[in-house]
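Listed here are the chains, written in short residue letters.
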Amino acid sequence: MIALLAGGRAKAAVTVSVGVNFTGSTGGVVSQALPPDSNGAIGPGRFMEFINGTVAIYNRTNGASLQRKTDLKFWADAGLNVSAIAVSDPRVIYDPTVQRWFASQVDYDPNASDPTVEANDFLLAVSTTSSPTGPWIAFMFQADPDNGYFADFPTLGVDGEAVYISGDFYSAGEVPEGPGLVSIPKADLIAATPTIANRSWFGVMNIADRGEVMQPAICFDGSESGNILAMGDIGTTSDPYSNIVCSVVQNPGTTSPTLSPPTPLTVAPYQVPDNSLLGVPQFTATQPDGTSTLQANDARLSAKVFAVGGVLYAVNNTELNGRMAIRWYRIRAGDHALLEQGTIADPNLDLFFPSIAANQFGSVVICCNGSGSGTYISSYAYAGQTLAGQTTFGNGILLQSGVADYHDANEILGGLLDTPTTSRWGDYSTLSVDAADPTQFWTIQMYPSGIDSAGLGEGIWSTQITQLIVTAPPALALTASGTNVQISWPLYAAGYQLQSTATLADTNSWNPVACVTVTNGVYISTQVPGTAAAQFFRLQKP
């Protein structure tokens, strides 16, 4: 019998440092969008920013701009005729398993007084190489081929089997009809001649059954596929709600996938307060000038659902003690059991538009905006670690400070015309994990970078792109391998020394292990002979 024990680690906070940190795009300079919908992803050597109005590629080591074009030119260069349309709600994902980028938007009629009167399209593009600056191939297809409903707030997910696009659908007059979902075999999209001919459309579904704003999960480690989360109610009323709806696309990589029955999951109550200015439930953030007119939407899962190690990570907003707070969830993908949930709040700040991601080492990061009576809208990160099934987050880390109160031209003009309204902000932030080094998390968020003195005095937004290096005390993993035992530890602990002892009673009995190590780019591993007697191992930092 082999009895071995890896050296344990004490409960300790992750170590977080800010790496590359630079301003991406600025409103009025490269885009007139309100809001820009902050979105982007990290890939090999490049960070790709895809926001309303512009697509930009940056050098990941210094933030230098390498390429920039309008979003319409991006689609035109990828082969679509977009001369008569407008596009919105961008999403982009880099998939390291196939070394391809996937991007999506929806189109709409820019001349229509009510765009929901007309059917619109999903736009989907796939890169032909691992570089976002290289050629892309794009597809356009009617979002709802059954009824011609209008798709809004599209979401994008990718896993080992398929690419998924969802949207919330509306009929004329912005009447909500329900969520819809498309699944496309990933193999078809990365083929020598990409095709969407085998896509599956699951129709527009009932909100009461499937929830609101379906977010297909992103998963690159093969631990799950087809998982989709939605909030049971994103704030139809100001009552508390306690429901997440889980759905699964079964056999997603085939030409005949099916959608599982919805599984309701009870979570801690979340709620959206009534907004007297808008007359509906709506989050609005407080700013130093005393106003609370900055829109922060509702309790939807506005950012991607991230999956690693068979666990789904999701995040949304709720109200706590009169402030906007962040609610996070860890859900087991296999049976949709709620593993853990928690709330991040600040007594002095409204926290809004959160995004979440995690790595295989147990590190979890949440990024968001925050503002209050003494703080302009700023960008923040909260880093945590999951140990023995419990996740603990540290204090907020300031990534970029806002420089002014933010009010857009619509709000200012409404005030001048005595028709008070709110300012658009968001609609989401984004967080991605670097596949080449999973200790690196990259986020893109908005912040107010100035006041437009040439206009109505409206605020100017900019995007901030930040690299976060997040490490935790490394842990050893032991796996039987025939008569040997394989010992593995994270690559970021390459400078540590593997040691062993036959007894824990003598603290001076630890000795270096002479071994040959190999790495898969994420973990270091070695094999040692099994023994009949107990043997203990640890990593020692020089």
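Residues numbered from 1 in each chain as written. Predicted model: local features only at pLDDT ≥ 70, side-chain atom pairs only at ≥ 80, totals over all residues. Heavy atoms only, no water.

### Let's talk about the nonpolar core
Judged by nonpolar contacts, the single largest core of 34 residues is most densely connected at Leu229, Ile244, Leu312, Tyr329, Phe352 and Trp425. Mapped onto this core, the elements with two or more residues apiece are strand S15 (212–219), strand S16 (227–231), strand S17 (241–250), strand S19 (263–270), strand S24 (305–308), strand S25 (311–320), strand S26 (323–332) and strand S28 (350–358). When residues no more than four places from it in sequence are discounted, the contact partners of Leu312 are Ala217, Glu224, Asn227, Leu229, Val305, Phe306, Ala307, Tyr329, Arg330, Ile331, Ala333 and His336. Cys367, Cys368, Tyr382 and Ala383 belong to the second-largest nonpolar core, a separate cluster that totals 31 residues. (Core = buried A, V, L, I, M, F, W, Y, C linked by side-chain atoms within 4.5 Å. Buried < 20%, exposed > 50% of the residue type's maximum accessible area, 1.4 Å probe, protein only. Helix = DSSP H or I, 4+ residues; strand = E, 2+ residues; numbered from the N terminus. Contact = heavy atoms within 4.5 Å.)

### Thoughts on the pattern of salt bridges
Counted under the stated rule, the structure contains nine salt bridges. The closest approach of N and O atoms between Lys73 and Asp77, which form a salt bridge, is 3.1 Å. Taken together, the residues Lys73 and Asp77, both in helix H1 (residues 71–77) and four residues apart, mark about one turn of the helix. Assessed through its relative accessible area of 44%, Lys73 is described here as partly exposed. On the accessibility criterion, Asp77 (42% relative accessible area) is partly exposed. Between Arg323 and Asp350 there is a salt bridge, and its shortest N-O distance comes to 3.7 Å. One end of the pair, Arg323, is in strand S26; the other, Asp350, is in strand S28, and 27 residues separate them in sequence. Classification of Arg323 by relative accessible area gives buried; the value is 18%. Looking at Asp350, the relative accessible area reads 3%, which means it is buried. One network of salt bridges, with partners in common, ties together Lys69, Lys73 and Asp77. (Salt bridge = Lys/Arg side-chain N within 4 Å of Asp/Glu carboxyl O.)

### What about the side chain of Asn39?
You can see Asn39 is positioned in the loop between strand S2 (15–26) and strand S3 (40–43). Ignoring anything within four residues of it in the chain, the contact list for Asn39 reads Met48, Glu49, Phe50, Ile51, Pro90, Arg91, Val92, Lys304, Tyr428, Thr430 and Ile444.

### Details of the sheet that holds strand S40 (residues 518–519)
Reading across from one edge, S36-S37-S41-S40 is the order of the four strands in this open sheet, with antiparallel pairing throughout. With one partner strand each, in any of the chains shown, strand S36 (477–481) and S40 form the two edges of the open sheet. (Pairing = 2+ DSSP bridges.)

### Comments concerning the pairing of strand S33 (residues 430–433)
The alternating pattern of S33 places Thr430 and Ser432 on one face and Leu431 and Val433 on the opposite face, and all of these are buried. Two elements, S33 and strand S34 (residues 440–451), share four bridges in a ladder whose sense is antiparallel. Following the sheet pairing, Ser432 is matched in S34 by Trp442. In textbook terms, the turn of a hairpin is the stretch between consecutive antiparallel strands, and for S33 and S34 this stretch comprises six residues.

### Concerning the environment of Phe393
In this fold, Phe393 is placed in strand S31 (residues 390–393). Its relative accessible area of 18% is what places Phe393 among the buried residues. Sequence spacing of Phe393 and Gln105 is 288 residues, and the spatial spacing of their C-alpha atoms is 33 Å. Excluding residues within four positions of it along the chain, Phe393 makes contact with Trp328, Ile344, Val364, Ile366, Tyr382, Ala383 and Gly384.

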